[in-house]
Every structure is written in structure tokens, then in C-alpha cells.
Amino acid sequence: MKKMIVRGGQKLSGEVTIGGAKNSTVALIPAAILADTPVKFDSVPAILDVRNLMLILNSMNVPSTFNHGELQLDPTHIKNVPLPGGAIKSLRASYYFMGALLGKFGEAVVGFPGGDNIGPRPIDQHIKGFRALGAKVVEKNDAVHITTGAGGLHGARIFFDIVSVGATINVLLAAVKAQGTTVIENAAKEPEIVDLATFLNNMGAQIRGAGTDVIRIKGVPTLKATNTHTIIPDRIEAGTYLAFAAANGEGVLVKNVITEHLEPFIAKLVEMGVYLEVNEDSVYVAGGHELTPVTVKTAPFPGFATDLQQPITPLLMKAKGDSTIIDTLYPERIKHISEMKRMGGLISSKDGVITVQHSTQLKGTTVKASEIRAGVALLGLALMSEGTTTIINAENILRGYERIVEKLRGLSVNIEIAED
Ligand SMILES: CC(=O)N[C@H]1[C@@H](OP(=O)(O)OP(=O)(O)OC[C@H]2O[C@@H](n3ccc(=O)[nH]c3=O)[C@H](O)[C@@H]2O)O[C@H](CO)[C@@H](O)[C@@H]1O
Ligand SMILES: C=C(OP(=O)(O)O)C(=O)O
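Residues numbered from 1 in each chain as written. Chains lettered and ligands numbered in written order. Predicted model: local features only at pLDDT ≥ 70, side-chain atom pairs only at ≥ 80, totals over all residues. Heavy atoms only, no water.

**Examining the nonpolar core**
What counts here: Side-chain atoms within 4.5 Å are what join buried Ala, Val, Leu, Ile, Met, Phe, Trp, Tyr and Cys residues into a set we call a nonpolar core. The classification of residues rests on relative accessible area computed with a 1.4 Å probe and restricted to protein chains. Under 20% of the type maximum is buried, over 50% is exposed, and intermediate values are partly exposed. Here a strand is any run of E in DSSP of at least two residues, a helix any run of H or I of at least four, and the numbering for each starts at the N terminus. Working rule for contacts: check all heavy atoms of both residues, and any pair within 4.5 Å makes them a contact.
Counting residues in hydrophobic clusters, the biggest one holds 75 residues, and the most contacted among them are Phe41, Phe97 and Leu200. The biggest single contributor to this core is helix H5 (residues 165-175), with seven residues. In this structure phenylalanine 41 touches Leu28, Ile29, Ala32, Gly69, Glu70, Leu71, Leu73, Phe199, Thr228, His229 and Ile231, once residues within four positions along its chain are discounted. Ranked by size, the runner-up nonpolar core spans 67 residues in total, among them Met4, Leu262, Val274 and Val296.

Here it is in C-alpha cells:
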């Protein structure tokens, strides 16, 4: 296990460059097995989720190499082996192998995924989608067994009961080579879905409407990669550094940002009184602002991302008054609260409403990163606290934040990582 040791009370300054989006990458890698050729990605983030996906690929006879942000993989001799456990349990997005294997072979056995401890995360909509495409789905022995009959998968009209990123992507992966046309209604609109559709379309897929709530997929028999796919920047990583810079910076430039992907987040910072300069592909945050409290309500894209409600929390503690957070997607995403309280943070949660008060007596201590965004929020609070904070279970942060220690050191933060 790893721990991060952060010395607080330092001001962030300088530049930080955002890497490729975790939530695109973890969909693109399973999607790549649909290709009949080798595949190359660049701007791939150096995160633990990528390492674990490479282990899963390896178990399927798909060799891969990852150097300097470039990931190459060769699915031409892939074997459809059952994927019941092991690395599957290490990340949520391993469930994309259900859709990808189903699309490729017409069958899949994939263990129930792991991922963040952020409350219940059912996959009923994924299964509903697979069934609509003609698959038989049985859940047994902690794994999902999916098969198709002799006719294979066929296009269908699917109306999701709730907007789900994972279900939209999984059904898209299964449908891309199915016979006929699939229409997904009430689809999720996240930029990572558009990135995935761009990758697949460049390989010959016929997907229209990604980024809107109706996606049409005309099945094609084969997919071939002819060029390198560059992954979009990580909007959640960008939002995290913007929040850190606003709370504790004295001039930070966050580079490689698609600012349109962060509109509700940037609007919230402006509403709080943070002084920002939004450039074409970067955002500059100046220091020393008077902050007013706000209400944050998470929603599917283009709403305020649930993945940013914890990272913005330390900043809310700087505002003079009470702020409110309502996470409509994951009301139980509150694992940071007890740890923040131990650091002197004035924060509480009742009936799905988190109240964050102006907190001036913050002190470092040993806290636990129980999941990625809870962990990074504690890191943000550590930067504002007096003394040293030790964050244990730091792997949960490294799962999705590439080179975070180096990036923060580049912003003059005194931070180190060590074995626990
Ligand atoms: C790898 C990845 O991209 N992870 C993101 C993805 O997770 P993930 O794809 O798992 O999240 P979903 O968009 O599916 O979940 C949205 C909501 O729908 C519910 N739901 C989902 C599927 C289902 O079959 N039934 C159901 O009820 C969930 O419990 C949740 O309340 O989107 C979340 C919401 O933006 C983000 O927090 C995660 O970072
Ligand atoms: C919840 C998250 O990730 P995952 O879906 O991979 O668990 C996240 O990135 O905040």
C-alpha cells in the first residue's frame, strides 16, 4: 500500500498540464478489442486503471505496450477467455469487456466489476440493453454470463430508464458490429462517449448522435484502425487542479483543457468569486479572492459532474458562509466527510444534503483515501491545512490521477509518496 505525505500551508503556483481522460481511456481500451488490426492510442494517462486493463488484455492474449503516453495493443490473436475476477475487480470499467466481448464473439463471461466505493452501482440498464440486442444474460457465481443464439446480435430500439454512462457505452460496444440498426434513447451525453464514438467511427463504425440523447448505430462487419487515436483531456483532473488553485494558489495555469467540457464547473467557480481567465485550451486562476458560498447540485453531463463534488469541497470551506452539495447521482458519495472532520473541516451530511461551512482551523493528520475523489479531496484539504497530512490507501488516487505527485511538486507543493 502507498501513502502520500503532504506538508500544508504552501501556495500553489506555476503550470500544470492535464493528461488524457481516465473515463475515455478505460472505455477505449476494451473497445480496441473489436478491431481486426493493431490499435494505437496517444495521450494515454499513466494511471493504475490502465495498468490493470493491460493485465486483463494480456489474459486474453492481447499484447500491449505503454511508453510515454502511447499505448499500442494487438487484438488480432485474441482469445475469448472468461474474465471472472482478478484485475476485473480492480476497476469499475472492466464491465466494458461485457459489451466488447459480446460485440466481438457473441458471448462473454465477466465478473462483477469493482471500482469506487461511492454507494450502490447497479448494472440493470446494461443488462436490459444486451437483452434487447438478443443476448441471454445470466448472473451466477459473481459473474455475468452473456450468450447469443445462432442469429447473433440484432439491432434494437432501447430506451434507458436512467441516464447511464456505463450502459450507453456498453450497449454501443455490443451494437457496433450487430446486424441492423440500434437506437439508444435517453443516452448519456458525456464527452468521453463522443471520444469513444470518434475512435470507433474512424475504424469504420457507423455511429451517429454521440453527445446527444439519441444515438443511432448501424452495425458493420469489421473495424480496422488506420491511425492513432488521441484521447481527450481529462475534465475531472482539470477541475481538480482548478479547485486546488482557487483554494490555495497564487497564480496557476492549467493547460490542455477543453473548457467547454467544464462549463458548469467553471461557472460555479465564477459564481463563488474566483478570478479566472478562460483561454482557448487553458485556464489561469489568480489567487487571493473573497469567496461566497454556493449550492452545487450534480447531474449527468452537461450538468455539474458528480466526480467533482468532492474535489471542490476544500474550496467551499474557504467561502464565508454555508455551501450545500446535493449529489443526485451518488447520494452516498460521502466517504471523505468523516476524514475531513478529523482534519477540522466543518462538514456534515443529512438526508442527502452535504453542508460545508467556512473552516479556519484545519490541521493535518492521518486520513484514508477510501476512493479516488474522496482521496483527492483530502489532498486538496491537506494543502490548506496546518502541518503534515498522511493519506493512506493512496492507490485509490493513483488509479485516476497521473503523476499527481510530480505535477503538484511542479506547483511548489511539498509532497512525497512512500510505501505504507
Ligand atoms: C468509468 C467511468 O466512466 N465512470 C464514471 C461513470 O460511472 P458509471 O458509468 O458507473 O455511472 P452511470 O452513469 O452508469 O451511473 C449514473 C447513475 O445511474 C445509476 N445506474 C447506472 C447503471 C445502471 O444499470 N443502473 C443504474 O441505476 C447509477 O447508480 C448512478 O446513480 O459515470 C459516473 C457518473 O457520471 C461517474 O461518476 C464515473 O466516474
Ligand atoms: C467513480 C469514478 O470512477 P469509476 O467509475 O472508475 O469507479 C470516478 O472516476 O470518480
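**A closer look at the site of ligand 2**
As a reminder of what qualifies: We call a residue near a molecule or strand when any one of its heavy atoms sits within 4 Å of it. Counting of polar contacts relies on pairs of N or O atoms within 3.5 Å, with two restrictions inside protein: one atom must be capable of donating a hydrogen and the other of accepting it, and residues adjacent in sequence are counted only when both atoms are side-chain atoms. Exposure was quantified through the Shrake-Rupley algorithm and a 1.4 Å probe, taking into account, for residues, occlusion by the shown protein chains and nothing else. Computed over the protein atoms alone on a 1 Å grid, cavities are sets of points where a 1.4 Å probe fits but cannot get out and pockets are open sets with protein on both sides within 12 Å along at least five of seven lines; a residue lines them when it has an atom within 4 Å of a point. Here the criterion for a molecule occupying a pocket or cavity is that more than half of its atoms lie within 2 Å of the pocket grid points. When residue character is reported, Ala, Val, Leu, Ile, Met, Phe, Trp, Tyr, Cys and Pro are called nonpolar, Asp, Glu, Lys and Arg charged, and the others, Gly included, polar. Segmentation into domains, and thus their bounds, comes from an automatic or database assignment.
Around ligand 2, 11 residues are found, and the nearest of them are Lys22, Arg121, Arg333, Arg373 and Arg399. A distance of 2.8 Å is found between an oxygen atom of ligand 2 and a side-chain nitrogen or oxygen belonging to arginine 333. The contact in question runs from an oxygen atom of ligand 2 to an N or O atom on the side chain of arginine 399, over 3.0 Å. In isolation ligand 2 has 290 Å² of accessible area, and contact with the protein removes 93% of it. Judged by the fraction of its atoms near the pocket grid, ligand 2 is located in the largest pocket. Of the residues in the shell around ligand 2, the class split is two nonpolar, one polar and eight charged. Two domains each provide a minimum of three residues to the shell around ligand 2, namely domain 1 (2-19 + 233-419) and domain 2 (22-230).

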